[in-house]
Amino acid sequence: FNSNLPGVGGYTNATADLQFTAQFERTIIQGQEEYTFSFSDTVNKEMYFTEGAAITGIKTVDESGYDAESGTFKFTIRINSDSDVTNVKVVDTLTNLILDQTQSVIVTDSKNEGAVVTIPSGNLTMSDGGFELTITSMTANSEYLVTYYAKLPEGYVSDYNGAVEGLRNSAILSADGIEND
C-alpha cells in the first residue's frame, strides 16, 4: 500500500507489504468461488477458495451395554460427511475384544430411513481383531451408521474379578484425500 504520512518538513511517501492470516467457517465457503475483500474504497483483493471435504466419526457402545445372553457389546460408528467423498475407509481395531463374525457389520443411511447401504464384495474384511470397510461414496451432508458386535475373550471377566479393564477400541476414518481419527 502507499500512504502519505505526515513527516518532518512535509509528507513522506511510505510503501510496505501487508500479510495477514484469515480464518473462515467451512459453511460459508460454497464450492470453488471468487470472493472480493475490500480493505478500503480503492483497495480490493479477489481470492479463490476451494471447498475442502471433511468426514467425522463418533464411536459409541449401545446404551444397553453388555448382552449377557449373546456375550456381546453392540458398537456403532456414526460417520458424517460435509461434502461428496469417495472411498470412505473405516479401520476398526479391537483390543481385548473379539469381533463377533457370526453377525454382519451393517452400514445404514440414517438420513434415508435407515436404509441398508450395499457394500460391494471385497470392501469388507473381518478378523477377530477388527475389520476394514470401504464405503464407495457418501454424498454431502450424509450420515451413515456402521453397526457391529464384539465380545470379550473367554474367561476375560473372571480373570479381572468381574471388572472389564483394558478395553481399547478405536476406529480410523479416511477417504480419498482425507484422514481423520
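What you see is a predicted model; the values in this text were computed from it and never measured.

S.K.: I would appreciate a short explanation of the environment of isoleucine 55 in the present structure.
M.R.: Note that isoleucine 55 resides in strand E5 (residues 55–67). Overall, the relative accessible area of 1% leaves isoleucine 55 in the buried class. Sequence-wise, isoleucine 55 and serine 174 are 119 residues apart; in three dimensions their C-alpha atoms are separated by 7.7 Å.

S.K.: So what exactly am I meant to see when it comes to the pairing of strand E11 (residues 124–127) here?
M.R.: When a strand is regular, its side chains alternate between the sheet's two faces. Pairing geometry for E11 and strand E12 (residues 130–138), over four bridges, is antiparallel. Bridge pairing in E12 places serine 127 opposite glycine 130. Adjacent in sequence and paired antiparallel, E11 and E12 are bridged by two residues.

S.K.: It is not clear to me how the packing of aromatic side chains should be interpreted in this structure. Could you clarify?
M.R.: Describing an aromatic ring pair means giving the distance of the ring centres and the angle of the ring planes. Under the criterion given, the structure shown has three aromatic pairs. Taking the centre distance of 6.4 Å and the plane angle of 45° together, the rings of phenylalanine 73 and phenylalanine 75 count as tilted. Per residue, the accessibility class of phenylalanine 73 equals that of phenylalanine 75, and both read buried. One aromatic cluster is present, built from ring pairs that chain together Phe73, Phe75, Phe131 and Tyr148.

S.K.: It is not clear to me how the pattern of salt bridges should be interpreted in this structure. Could you clarify?
M.R.: Two side chains bearing opposite charge may form a pair once their charged atoms approach each other closely. For the structure shown, the criterion picks out three salt bridges. A salt bridge links aspartate 92 to lysine 59; the shortest N-O distance between them is 2.6 Å. Highlighted residues: aspartate 92 in strand E7 (residues 85–95) and lysine 59 in strand E5, separated in sequence by 33 residues. According to the relative accessible area criterion, lysine 59 is partly exposed, its value standing at 22%. In this structure, arginine 78 engages glutamate 143 in a salt bridge whose closest nitrogen and oxygen atoms are separated by 3.0 Å. In this pair, arginine 78 sits in strand E6 (residues 72–81) while glutamate 143 sits in strand E13 (residues 142–151), placing the two residues 65 residues apart along the sequence.

About the cut-offs
- Residues numbered from 1 in each chain as written.
- Predicted model: local features only at pLDDT ≥ 70, side-chain atom pairs only at ≥ 80, totals over all residues.
- Heavy atoms only, no water.
- Helix = DSSP H or I, 4+ residues; strand = E, 2+ residues; numbered from the N terminus.
- Buried < 20%, exposed > 50% of the residue type's maximum accessible area, 1.4 Å probe, protein only.
- Pairing = 2+ DSSP bridges.
- Phe/Tyr/Trp six-rings, centres within 6.5 Å; stacked < 30°, edge-to-face > 60°.
- Salt bridge = Lys/Arg side-chain N within 4 Å of Asp/Glu carboxyl O.

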